[in-house]
Structures are given as C-alpha cells and as structure tokens.
Amino acid sequence: MSVFVAGMGAVSSPGNSVQDSFSAIVQGRDGIKPLSIFDSRLKVPPLCAEIAEIPEKYSDLYRSLALAMAAVDEAMHAIPDRENIRIGILVATTVAGISQTERFYEALRKDSSIIDRSATEFAVHEPTVLAGEICRRTGGSGFHTVSTACSTGLHIIGMAKRFLEQGTYDACLAVGTDALSILTVRGFASLMLLDPNGCRPFDKRRAGISLGEGAGAMLLTTEKFISRCISKPLAIVSGWGASADCFHMTAPHPEGLGAQLAVKDAIDEAGIAPEQIDLIAAHGTGTPDNDKAEIKAMKSIFSSLPPFCSMKRTLGHTLAASGILESVLAVKALQEGIIPPTAGFEIEDEEIGASPSEVMNRPLKHVLKNSFGFGGNNAAVVFTKAE
Amino acid sequence: MQQFLSVISSSAIIPRREPEWEKEVPASLKRRDPRIWQMAYLAASRTLGKTDLKPNSIVIGTGLGALDETKNVLDGVYGEGFSSPRNFIASVHNSMAGKLAMEFRITGPNLTMCEGQNSLASAIIAAGLLSDKYFPVLVLVIDERIELLDRIHPFMSEKCGRYLSADWEEASVGFLLGKSLHQEGNLIRAFGPVPAAGKDPEEACRKLVRDNAGDSCEMMSESDSSYVKPAISVFEWLNSSDQKHVAVCSYSPVSDGAAFVELIKK
C-alpha cells in the first residue's frame, strides 16, 4: 500500500508558508539573529531563528499551538471535504506549551499567592493538550502525542504511515511544533552547544547549534482517499527507520552506528538500493560531533555519498518540529528537482571529508531525511517522487 | 483494527506501597541518576528479570516526563542563575527511554508517548505499529509526584474536572509485550485517545469500548485519575483471577481524550 503526501504546511523564521520557507532555503538565506522575544538572561543574547510575527489569526493562541495551527491550516487546504474521513492527528513536540508555563512559574516563585491562576496558566504544560486541541480544531478521529526530542518530527511521519497501512485511519495529519523557550535556550547554553557565531553545518569551524522555532505539517493518505484531495500526490512516504544509539544521552555514537540502523531500515522499507537515493536532507545541526558522526554513518551506507544539505542555518534547530518541517521542504525539493544549498557552510572539514552540495537543479526520485535526538534517538524517512 | 499483543511479563514500582524500593537500585545509578530514571530502571529490570526474552524496542508512556528535573532547570534560571546540564538532559521527555536503551542495550525503535492519563493506551498502540522484528517491546508507563503538582492540582481540577485526585499516585509500571498470539500469556490492545467532545468521560469511554471491544467486555473506570492508574490497574488485573475480558478506561481532562486498554485472559 502506498502512503501519499497529500498536503503540506510550514511556518518558519523566514516564512509563514511552504513556498516562502522553501524560497529561503533555496536562496541559502541566513535565518538567525539575536534572540529578542524574551530575555534569556545570558550575557549575550544567543543567535536564534525566531518568528517575528505570529499570523494574526492565531495570535490569541499560545505560541506552540499558534505555530502548529498555521501549518495545519495550510496542509489541510488539500482536503476541503472531510466528511466521513477518519483523520488521525499525530503531534511531535519537545516542550509543548512551556513557553507559557515557564513565565507563570517565574511569577509563582515570586508570589505564591497567584497559585490560584494555575488552572489557566498551567493547563497547557502537558504535551497531550496540543494534540487534543488540534484534533478538535480539525475534526480528527483520534490523536497521539510523541516526544523523542529532535527526532520526533520524523517518527510521527513513520507512525502515520503505519496507522494508514493498518487501516486505523483514512488519513493522518502529522504536525511538529516547538516554540523557543527559556528552558531550551538555557539548557543548550548549559551544555555549551550554542554556536556564538550561529550554526555552520558541516563547516570546519562549526561550534554548535542555533535554536529556532516553527512548525511543519503533512497530510498523509492512501490510494482510496487521495481522490478526495484537491491536488495530485506530492510524494510517497516509502520508508521509515528508527533506532537507539545505546551510547550516550547527548553525544552521538562516534561511528554513527544507531544512525546507520535507522537509515538502513528506512531504505530497506522503501525497497530501493542506497545508490538510488538522490539527496540526503541531513540532520546537520552544526555541532562538531553530530555532523561528523552523521557523515560517517552515511559513508558506511553509501558507496558514493549522494548530494546532502542541512537547512538549520536558515530555519534554526526547531527541535521536534525540525524533522517534519525539513521533510516538508525536502518534499518540495523533490517536486521541484532542486538540491538546496547549506547556508552557513564555507570550509570543508577534513575530518568529515565531504562538503554539502551547492544549489543545483536535478531530477530527484528518492530523498532521505535524517533526524537524531537526545537519548541517542534516531529516525530516518525516505520520500519518493509521486509519478 | 488494532491487533492484540501478548503480555510476556510485567512489574510495577509504586513507591507509596513499596517505600523501600530504592534499596534495589544499583549504587552507581542511585548516585548519579534522577529519581524518575531510577524508578524506570527498576521496573524495567524487574519486568525483564521474569523472562529470558530480550526486548528489541522500547515505548514509554508518560504524562509529564521528568517534571522534577524541568523544575530544577527553571529554578536554576529564575533563582541561582545556573542550570545544570544534567538537569536539562534529564528534563527531556524521552530521557527515561534513552536511559533504558543504554542500560539494557536495546538498539531498536525508542518511542515516548506523552498522553496524560491515556499514556498507557497510547504506548500500547505505538508498540503495535512496530515491525515484527522489533518485538518483544518493553512498554513502560511512568510519572512522578512532585510537591509543585500537589500545590497546583486542586486549582487545575476546578477548571479541568478530574485533573488529579487528592491522593494521586506516582509509579513506574513495565510490560514486556510480544506479537505472536500463539504465545502463552494474556492479551492486550488499546484504542484512543478520541475526543470526548463534551460528553461525560465515562459515556465517551463506554461508547469507545462498545464500538471496539463489544458488549461482553466489562468496563473498569478509574475513580483515581492519576497518570499511572490505568497501568497499575492493568498490572493488578494481570496478577489476579478477575474477569476474563475487561476494558480499563482512561480520560485526560486537559486534552479531553478518552481511551481504553482491552485485556483478555487466556
């Protein structure tokens, strides 16, 4: 059974739509600047990819839900008539509504008498709230909330594929969202993983990540229901792989062993040979260890490394949203036949021994997307061009 | 339609009922790991200790994850101005799953479902999505009780109905699930969460059970609305001589989602 991408939505620092976000990627735009939406209390505001303005329609929602709904509404345009279609909602998030609850917690520490505001201020802390709310707003039949750190966005695509194959739902809406929060900014700062010059994926001088915020959404369905969608399938989700490193809570396995397992599984499920992959949309965070381990893993799988790119300098590292937001843009690259550049990259690192591709036009058939996260969590998805 | 999985073994750490559980935790973990990781480790260790089978994947269900560590990070930011890297690493919702993968060398899929009171149902459903080669699956449901939640929950309950009952429990409950129906063991599957859509939660659960498990399935509703209570109920049922075919219902007031876990004794 083929699982089709029927609709897509994206909200990112450089653009509030798939097209705007993709244009920024193709132009290799630098999407990061000093954090201004809250005070991180660090000596120097870190460089982040923040969303300057939430679309007005969503401005009364808390930030991660607002971002999610903007992406959801764009993706759901694909299926205007949803009557008698069972839609499953899968949500990927690491921090859910914490950008709101941490402000309340700060106030509560100063004045314990405001605890009676908990009901309104703390209710969005549980990740499942996001999925329940998106389900209500879209008329979904059921919902599932996944949180596996930075790999989550790809897992929900794979899980949606399985739900459709099992016949649990007729269509699935996979949504990844994360807003910038003091927890993540300070947390990554404490790990000394924020590059003061902004992330430079695969570059010899790379020194860490740049956090971002955003959301991506994909509407997936099968042959039976694709005719209910207003456009032809955008791509096929042909393989999903998942694994654990069993090595370290934050550092990748130096040989990328876990990454290899996930990528091999995804390619096997797609029923293709590694050589048929035309583009790797890499995780490419810009940390010294991650980028090196990722390319080591890829070199062990591909006899000749296909073109690869990282979108993190343009979008920032959007954590749980990154897998799906970057997948949306990878599918767009597949449709358009464009290999995107890697903003922030200038100098090849001899320890990596490979450089990301320059921007170029080329017919693409199979694209591999990687995402890796804390806990040694790995995910990979293969997208195939819909004929 | 969800397929039944077989329960190979199960175990539970319920600190209120077993106050000395920490004595069983290896000293190396006790020294360096957060308490919730220790709870996760011990429930997993006991579950796996009851069988020779080794899991090939992990699915964790949790409402709030390592909440105490999240609070510690924020206390560092808003108080002393320094957050410990360890607190941040542990605060991530999937930290328990990553830790268990490392401790038990489980290299397969490693998922964490965050579904409040429906976390057990959600974790079982996620396990059912994995390929045959990743079975058996270690499913673990875990949440911790911290003082801040004790202060907050009465106000939350005003808005969200049964947010948490006054005596809500913390626990870590492990299940090793197999895919083959030919194995000995009790059968388990789950449905939901579905939006209750303003219905009474019990009515929403009843409809879900009737539509999916049939009229012969006896419904067990939880009066205690803690995140881990459904998992404790399933664990207790597995170790009892109770009814042959039951549904353990759950409801998350903050997401307004209803779910149930169906159990059949073989």
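### Re the overall build of chain A
Here is step 1 of the chain: In terms of regular secondary structure, chain A is built from twelve helices and 14 strands.
Here is step 2 of the chain: Taken over C-alpha atoms, the radius of gyration comes to 19 Å for chain A, in line with the 21 Å a tight globule of 387 residues would show.
Here is step 3 of the chain: Counting only C-alpha atoms, chain A reaches 65 × 55 × 40 Å along its principal axes.
Here is step 4 of the chain: Looking at chain A as a whole, 69% of its 387 residues are labelled buried.
Here is step 5 of the chain: At a minimum sequence separation of 6, the contacts of chain A that also span at least 24 residues come to 79%.

### Quick look at the confidence of the model for chain B
Detailed reading of predicted coordinates is not advised where the pLDDT is low.
Here is step 1 of the chain: For chain B, the average pLDDT comes to 91, and 95% of its residues sit at 70 or higher.
Here is step 2 of the chain: Across the interface, the model reports ipTM at 0.97; the global pTM reads 0.97.

### Quick notes on the packing of aromatic side chains
Here is step 1 of the chain: All told, the structure shown has eight aromatic pairs over all chains when counted by the stated rule.
Here is step 2 of the chain: Ring plane angle 70° and centroid distance 5.3 Å describe the contact between A:Phe163 and A:Tyr169, whose orientation is recorded as edge-to-face. Like A:Tyr169, A:Phe163 is buried.
Here is step 3 of the chain: Note on B:Trp168 and B:Tyr227: the rings are 6.3 Å apart at their centroids and 80° apart in plane angle, and the pair reads as edge-to-face. A residue pair is termed long-range when its members are at least 10 positions apart, and B:Trp168 in the loop between α7 (147-160) and β5 (171-178) and B:Tyr227 in the loop between β7 (218-220) and α9 (229-238) qualify at 59 residues.
Here is step 4 of the chain: In this structure B:Trp168 comes out as buried when scored by relative accessible area, which is 0%.
Here is step 5 of the chain: By way of ring pairs, the aromatic residues A:Phe188, A:Phe374 and B:Phe88 are connected into one cluster.
Here is step 6 of the chain: For the cation-ring pair, B:Lys265 lies above B:Trp237, with the distance from its terminal atom to the ring centre recorded as 4.0 Å.

### Digging into the pattern of salt bridges
Residue and element names in this part refer to chain A.
Here is step 1 of the chain: Evaluation of the coordinates by the stated rule reveals 45 salt bridges over all chains.
Here is step 2 of the chain: Arg205 is paired through a salt bridge with Glu346; the nearest N and O atoms lie 3.4 Å apart. You can see Arg205 sitting in the loop between α7 (182-190) and β7 (214-222) and its partner Glu346 sitting in the loop between β11 (338-339) and β12 (360-361), a full 141 residues away along the chain.
Here is step 3 of the chain: Taking relative accessible area as the criterion, Arg205 reaches 34% and is therefore assigned partly exposed.
Here is step 4 of the chain: Taking relative accessible area as the criterion, Glu346 reaches 62% and is therefore assigned exposed.
Here is step 5 of the chain: What you see here is one network of salt bridges that share partners, running through Lys161, Arg162, Glu165 and Glu269.

### What to know about the side chain of B:Thr51
Residue and element names in this part refer to chain B.
Here is step 1 of the chain: Assignment of secondary structure puts Thr51 in the loop between α2 (35-49) and β2 (57-61).
Here is step 2 of the chain: Note on Thr51: relative accessible area 16%, which makes it buried.
Here is step 3 of the chain: In this structure the side chain of Thr51 is engaged in a polar contact, spanning 2.9 Å, whose partner is the backbone nitrogen of Leu53.
Here is step 4 of the chain: Beyond its immediate chain neighbours, meaning those up to four positions away, Thr51 contacts Ile8, Ser9 and Leu176.

### Considering the packing of helix α6 (residues 152-166) of chain A against helix α12 (residues 322-336) of chain A
All names here are of chain A.
Here is step 1 of the chain: One way to put it is that α6 packs onto α12 with a least axis distance of 5 Å and a crossing angle of 70°. Classified by the interaxial angle, the pair formed by α6 and α12 is roughly perpendicular. Counted together, Gly153, Leu154, Ile156 and Ile157 of α6 and Gly323, Ile324 and Ser327 of α12 form the full contact between these two elements.
Here is step 2 of the chain: Within the contact of α6 with α12, the residues separate by chemical class into four nonpolar, three polar and no charged.

### Some words on α2(B)
Residue and element names in this part refer to chain B.
Here is step 1 of the chain: Compared with the 21 Å implied by 1.5 Å per residue over 15 residues, the 21 Å span of α2 between its first and last C-alpha is a close match.
Here is step 2 of the chain: Judged by how many residues are buried, α2 sits mostly within the fold: twelve of 15 residues are covered.
Here is step 3 of the chain: Those residues of α2 not exposed but buried are Ile36, Trp37, Gln38, Met39, Ala40, Tyr41, Leu42, Ala43, Ala44, Arg46, Thr47 and Leu48.
Here is step 4 of the chain: On the buried face of α2, the contacting elements are β1 (5-13), α1 (27-32), α4 (85-91), α5 (95-104), β4 (137-143) and β5.

### With respect to the interface of chain A and chain B
In many reports, interface size means the accessible area that the parts give up when they come together.
Here is step 1 of the chain: Taken together, the contact between chain A and chain B spans 64 residues of the former and 69 residues of the latter.
Here is step 2 of the chain: Both faces considered, chain A and chain B share a buried interface measuring about 5,500 Å² in area, 65% of it formed by carbon and sulfur atoms.
Here is step 3 of the chain: Across the chain A-chain B interface, the total number found is two salt bridges.
Here is step 4 of the chain: Among the ionic pairs, B:Asp75 bridges to A:Arg109, the shortest N-O distance being 2.8 Å.

### A few points about the nonpolar core
Here is step 1 of the chain: Residues A:Ile134, A:Leu173, A:Leu211, B:Leu100 and B:Tyr163 are the most contacted members of the largest nonpolar core, which totals 118 residues.
Here is step 2 of the chain: Looking at which element gives the most residues to this core, the answer is helix α2 (residues 63-76) of chain A, with ten residues.
Here is step 3 of the chain: Look past the residues within four positions of A:Ile134 in its chain and what remains in contact with it is A:Leu65, A:Ala68, A:Met69, A:Val72, A:Ile89, A:Val91, A:Leu173 and A:Val175.

Rules used in this analysis
Residues numbered from 1 in each chain as written. Chains lettered and ligands numbered in written order. Predicted model: local features only at pLDDT ≥ 70, side-chain atom pairs only at ≥ 80, totals over all residues. Heavy atoms only, no water. Helix = DSSP H or I, 4+ residues; strand = E, 2+ residues; numbered from the N terminus. Rg over C-alpha atoms; globule rule 2.2 N^0.38 Å. Buried < 20%, exposed > 50% of the residue type's maximum accessible area, 1.4 Å probe, protein only. Contact = heavy atoms within 4.5 Å. pLDDT = per-residue confidence, 0-100. Phe/Tyr/Trp six-rings, centres within 6.5 Å; stacked < 30°, edge-to-face > 60°. Lys NZ or Arg CZ within 6 Å of the ring centre and 35° of its normal. Salt bridge = Lys/Arg side-chain N within 4 Å of Asp/Glu carboxyl O. Polar contact = N/O pair within 3.5 Å; in protein donor to acceptor, adjacent residues only side chain to side chain. Axes fitted to C-alpha atoms, helices over the stretch in contact; angles between N-to-C directions. Parallel < 35°, antiparallel > 145°, perpendicular 65-115°, else oblique. Nonpolar A, V, L, I, M, F, W, Y, C, P; charged D, E, K, R; others polar. Expected span 1.5 Å × (residues − 1). Buried area = accessible area lost by both parts, 1.4 Å probe. Core = buried A, V, L, I, M, F, W, Y, C linked by side-chain atoms within 4.5 Å.

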